[in-house]
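# A look at the structure
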Amino acid sequence: CLTRLRLDHIHTGLYGRCLVTLSPISGAPLPASKFGVRDIVQICKITNRGVRLLSSDLKSGKLTNNKSGGESERKSSGRSEDYQGIVYTRSRSNLTVAFDGDALNLLESMHGRSVSLIKLANDVTYSRLGIALKDLVRAGKGAVGFSDVTQRIVKMRFTPSSVPNIPSLPRDQKEIIYVNPRLNVEQKRAVHLSIQTNGVLLIHGPPGTGKTTTLIECIRQAVSRGQRVLACAASNIAVDNMCERLAEKKYSTVGRPGEISLVRVGHPARMLPTIMRHSLDSVVRRSDEAEVTRGIRKDLDRKFKEIDGSKKGNKAKRSLGKEDRRRLWLEVKELRKALRTEERKTVERSLSRADVVLCTNSVACGRELKNMSFDLVVVDEAAQALEVSTWIPLLKGGRVILAGD
């Protein structure tokens, strides 16, 4: 737990995320702790009775927002998950936390107060696994929204006594020109099978035998044939590894001028710096539609600066009263609503234009990829993943390649 922190600065990220910078009230460096980038945290207040989550105050309609420590009544519809965030960056003097939910009520109450941060267990993945199981049941019952191949794969897995016949693709007459000239005979055979397979292809081999190299070639061959690919793995580092290899410029994609269009979906704090330009946040900000959201973002940051200035002893403090601050927060809420609406449209367009979308297995059922389907789904390090997590991306594709040892 980190105690006696103050709010230093607020700015905006993708989907109107609030990026909140916190530092010790004393001005000293942050004490030694196990808080690090990607940790899930929640803001709380330390009392004589123990730890009290600020969201509890919001849900009960109580906010301690005056210097005397008295409680003022206030209506709020806050949910505890709205006030949980992910550590975005950390330095010697401060750390920045990204809040995804509607945390403005909490942020408004934090100004001028001493708060603390506690680490939380991450239950998001387990919630997504539960959603995957429900989708799996629906696919097994032949629900609308799943491809015929997906439904046959589900039937084959859970009713092995009646293995369905999955027809082969028409033989691809196009000559295979391998992008990577260093592939050995077995790797080339696996790539050839990936082009002809209409169901599931398993690529098995001990560590260091070139499974990921083979997968990258399979992805490039699929893209050269106009197919969209979803590339997943159980861990962020494995996904980033695929992204780095696909982004290499020393090999050009057969039949496709320029680089492969890549989008890495997930929280930027969980990605390697080397692939950050392919993150969804970066792709959206570079898109043609970004000008609209850029203007809204500037307005938001301007409002946050006005609010920050009113709390830092500047001249603005004498000119901004309680009603002025309330008005500013209402304007911030409206701007964030408009920003989320525009960015959702931009995100959908960016993902629909991508040749390859990369993410972890659990993120594949996130809001960004909801209702999206792909021609080919690739799962690396499949043996390291839970079976239920692997079903999340599998249910989004027509063909599947699993690689592992």
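The following refers to the structure shown. Only a predicted model underlies this, so the values are computations on that prediction, with no experimental measurement involved.

## Description of the overall build of the protein
Each helix and strand in the protein was counted, giving 12 helices and 15 strands. When each of the 405 residues of the protein is scored for burial, the buried share is 48%. In the protein, of all internal contacts separated by at least 6 residues, the share reaching a separation of at least 24 is 70%. When the accessible area of the protein is evaluated, it comes to approximately 20,300 Å², of which 50% is carbon and sulfur surface.

## Re the nonpolar core
Leu 230, Leu 351, Val 357, Cys 359 and Leu 369 are the most contacted members of the largest nonpolar core, which has 33 residues in total. The greatest single-element share of this core, amounting to four residues, is contributed by helix H3 (residues 124–140). Each residue touching Val 357, except ones within four places of it in the same chain, is listed here: Arg 228, Val 229, Leu 230, Ala 231, Val 263, Val 265, Leu 351, Leu 369 and Phe 374. Counting 30 residues, the second largest nonpolar core, distinct from the first, contains Leu 183, Ile 219, Val 239 and Leu 376.

## Digging into the pattern of salt bridges
Across all of its chains, the model carries nine salt bridges by this definition. Close ionic contact of Lys 303 with Glu 331 constitutes a salt bridge, the shortest N to O distance being 2.7 Å. Residue Lys 303 is located in helix H9 (residues 290–309), and its partner Glu 331 is located in helix H11 (residues 322–353); the two are separated by 28 residues in the primary sequence. Glu 331 sits in the partly exposed class, given a relative accessible area of 26%. The salt bridge involving Asp 324 is made with Arg 327; its shortest N-O contact spans 4.0 Å. Taken together, the residues span about one helical turn, with Asp 324 and Arg 327 both in helix H11 at a distance of three residues. Arg 327 gets classed as partly exposed once you look at its relative accessible area, which sits at 38%. Several salt bridges share partner residues, and in doing so they unite Lys 303, Asp 324, Arg 327 and Glu 331 into one network.

## Some points on the pairing of strand E15 (residues 397–404)
With eight of eight residues buried, E15 lies mostly within the body of the structure. Two elements, strand E10 (residues 200–204) and E15, share five bridges in a ladder whose sense is parallel. The partner of Val 200 across the bridge, within E15, is Val 400. Note that strand E14 (residues 374–380) and E15 share five bridges and pair parallel. Considered in E15, the bridge of Val 378 is made with Ile 401. Each parallel crossover has a hand, and the one from E14 via helix H12 (residues 387–394) to E15 is right-handed.

## Regarding the side chain of Ser 362
Position of Ser 362 relative to the elements: it lies in the loop between strand E13 (356–360) and E14. Using a relative accessible area of 12% as the deciding quantity, one classes Ser 362 as buried. Leaving out residues up to four positions away in the same chain, Ser 362 has contacts with Thr 125, Arg 128 and Ile 392.

## Regarding the sheet that holds strand E12 (residues 262–264)
Strand order in the open sheet formed by six strands is E10-E15-E14-E11-E13-E12, with parallel pairing between adjacent strands. A strand with exactly one partner marks an edge of an open sheet, and here the two such strands are E10 and E12. Here the strands of the sheet are splayed against their neighbours by 15° on average, with no regard to which way each runs.

## Considerations on the packing of helix H5 (residues 185–196) against helix H6 (residues 211–224)
It is the contact of H5 with H6, at a shortest axis distance of 9 Å, that shows an interaxial angle of 40°. The handedness of the crossing between H5 and H6 comes out as right-handed. The segment H5 lies against H6, with Gln 187, Ala 190, Val 191, Ser 194 and Ile 195 engaging Thr 213, Thr 214, Glu 217, Cys 218 and Gln 221. Of the residues that constitute the contact of H5 with H6, the class distribution is four nonpolar, five polar and one charged.

## Concerning H5
Counted at 1.5 Å a residue, the expected span for H5 with its 12 residues is 16 Å, and the 17 Å between its end C-alpha atoms agrees. Along H5, the residues classified as buried are Gln 187, Ala 190, Val 191, Ser 194, Ile 195 and Gln 196. The inward-facing, buried residues of H5 contact E10, H6 and E15.

## Points about the packing of H6 against helix H7 (residues 236–246)
Direction vectors running N to C along H6 and H7 enclose 55°, while the axes themselves pass 10 Å from each other. Classed by the angle they form, the pair H6 and H7 counts as oblique. At the point where H6 passes H7, the crossing takes the right-handed sense. Along the contact surface, H6 presents Thr 212, Thr 213, Ile 216, Ile 219 and Arg 220, while H7 presents Asn 241, Met 242, Arg 245 and Leu 246.

## A look at the state of the cysteines
According to the stated counting rule, one finds zero disulfides in the structure shown. Of all cysteine sulfurs, the one in Cys 359 lies closest to Cys 232, which takes part in no disulfide; the gap is 3.9 Å. Relative accessible area serves as the criterion here: at 0%, Cys 232 is assigned to the buried category. The thiol sulfur of Cys 365 is not disulfide-bonded, and the nearest other cysteine sulfur, from Cys 359, lies at 9.2 Å.

Criteria and cut-off values
- Residues numbered from 1 in each chain as written.
- Predicted model: local features only at pLDDT ≥ 70, side-chain atom pairs only at ≥ 80, totals over all residues.
- Heavy atoms only, no water.
- Helix = DSSP H or I, 4+ residues; strand = E, 2+ residues; numbered from the N terminus.
- Buried < 20%, exposed > 50% of the residue type's maximum accessible area, 1.4 Å probe, protein only.
- Contact = heavy atoms within 4.5 Å.
- Areas by Shrake-Rupley, 256 points an atom, 1.4 Å probe, with all protein chains shown as cover.
- Core = buried A, V, L, I, M, F, W, Y, C linked by side-chain atoms within 4.5 Å.
- Salt bridge = Lys/Arg side-chain N within 4 Å of Asp/Glu carboxyl O.
- Pairing = 2+ DSSP bridges.
- Right-handed = clockwise from strand over helix to strand, strands pointing away.
- Axes fitted to C-alpha atoms, helices over the stretch in contact; angles between N-to-C directions.
- Left-handed = near helix turned anticlockwise from the far one by under 90°.
- Nonpolar A, V, L, I, M, F, W, Y, C, P; charged D, E, K, R; others polar.
- Expected span 1.5 Å × (residues − 1).
- Parallel < 35°, antiparallel > 145°, perpendicular 65-115°, else oblique.
- Disulfide = S-S within 2.5 Å.

By themselves these figures say nothing about function.
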